[in-house]
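Structural characterization, general
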Amino acid sequence: MTRSGGADAGHDLFRGMTRKPAKERKQEAPPPILVGEHGRYQIKSGRLAGEYVARAFPKPPTNARGLIAEARGATEEAAIAALRDVVDARENRRTGERRADPRTGTAVPSTEEYVEAIGQVALSGPQRAMLMALSLAGEDGLTEALIARAAGYKSLASANRSFASAGLLIANYLSAATVPSAPSGDPEGTSVLGFRGEPQGDEHPGSWILHPELRDAVRAAL
């Protein structure tokens, strides 16, 4: 007994058909990204969705995140040039909008600027403790002894140097003036952080009070 059609019938079923070779799926490499710097920002540029885009970000290493600015252009070079113009305009606007402190003559950065600086500069643990304690003290401020105690310093001189150093770090990052128009006798760098309250006699200078903008920034960033 044989099956109808036999082996030849099975062969005819596939006559004229050819097996297509398996296509190798080549994963397309992502477009290259050019990384550079402009001022205190990291610049990343490349081709995105058919056009050239350049973006500015906080420069690593940093705790800050997020896009600072963006620009597009007909070429990658044009996008980068346009982004630099945007960043420069942003910096000029922020500098021009700084409040003049009537006590020291210092141009006080905005809360937004302070938040960015705190996220970028390498403040030490004691410096962060000082700023946090002063921010919580509000308009009353703290004496030098209380600031030193909050940061764990046994020496007022060491605490004062650390406090001034924190001011210099923030001032250098923001390109802010570190010396008030009227000399106060306090270390360079302190005026960008705050001002002195009313002195309590010749031997007891006034308490340190953070600028309101910095108080808000410390509470938001630390």
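Predicted model only: the values in this text are computed from it and were never measured.

**Focus: the sheet that holds strand β2 (residues 41–48)**
The strands that make up a sheet pair up through hydrogen bonds in the backbone, lying either parallel or antiparallel. Across the sheet, which stays open at both edges, the four strands sit in the order β1-β2-β3-β4 with antiparallel pairing between neighbours. Edge strands, defined here as strands with exactly one partner in the open sheet, are β1 (34–38) and β4 (69–73). Averaged over all pairs of adjacent strands, the angle between strand axes in this sheet comes to 25°, irrespective of strand direction. Two strands pair when backbone bridges link them, and strand β3 (residues 51–58) and β4 are joined in this way by five bridges, in the antiparallel orientation. In the strand pairing of β4, A56 is matched with A69. Contacting β1, β2, β3 and β4, helix α2 (residues 76–96) runs over the sheet at an angle of about 145° to β4.

**A word on the pairing of β2**
Both β1 and β2 contribute to a ladder of five bridges, which runs antiparallel. Note on β2: the bridge partner recorded for H38 is Y41. Sheet topology note: the β2/β3 ladder contains eight bridges and is antiparallel. Its bridge partner being in β3, Y41 is matched across the sheet by P58. Linking β2 back to β3 in an antiparallel pair, the connection comprises two residues, with A49 at a positive phi of about 55°.

**Remarks on unusual backbone geometry**
The residue A49 is not glycine, and still its phi comes out positive at about 55°. Among the structural elements, A49 can be located in the loop between β2 and β3. Here the phi dihedral of S175 falls at roughly 55°; this positive angle occurs in a residue that is not glycine. Inspection of the secondary structure puts S175 in the loop between α6 (156–174) and β7 (194–196).

**Quick look at the confidence of the model for the protein**
Confidence along the protein averages 86 in pLDDT terms, with 83% of residues attaining 70 or more. Summarising per-element confidence for the protein, the mean pLDDT is lowest in helix α1 (residues 6–13) (46) and highest in helix α4 (residues 125–137) (98). Between residues 9–18, whose pLDDT stays under 50, and residues either more than four places distant or in other chains, the model counts zero contacts.

What counts, and at which threshold
- Residues numbered from 1 in each chain as written.
- Predicted model: local features only at pLDDT ≥ 70, side-chain atom pairs only at ≥ 80, totals over all residues.
- Heavy atoms only, no water.
- Pairing = 2+ DSSP bridges.
- Helix = DSSP H or I, 4+ residues; strand = E, 2+ residues; numbered from the N terminus.
- Axes fitted to C-alpha atoms, helices over the stretch in contact; angles between N-to-C directions.
- Contact = heavy atoms within 4.5 Å.
- pLDDT = per-residue confidence, 0-100.

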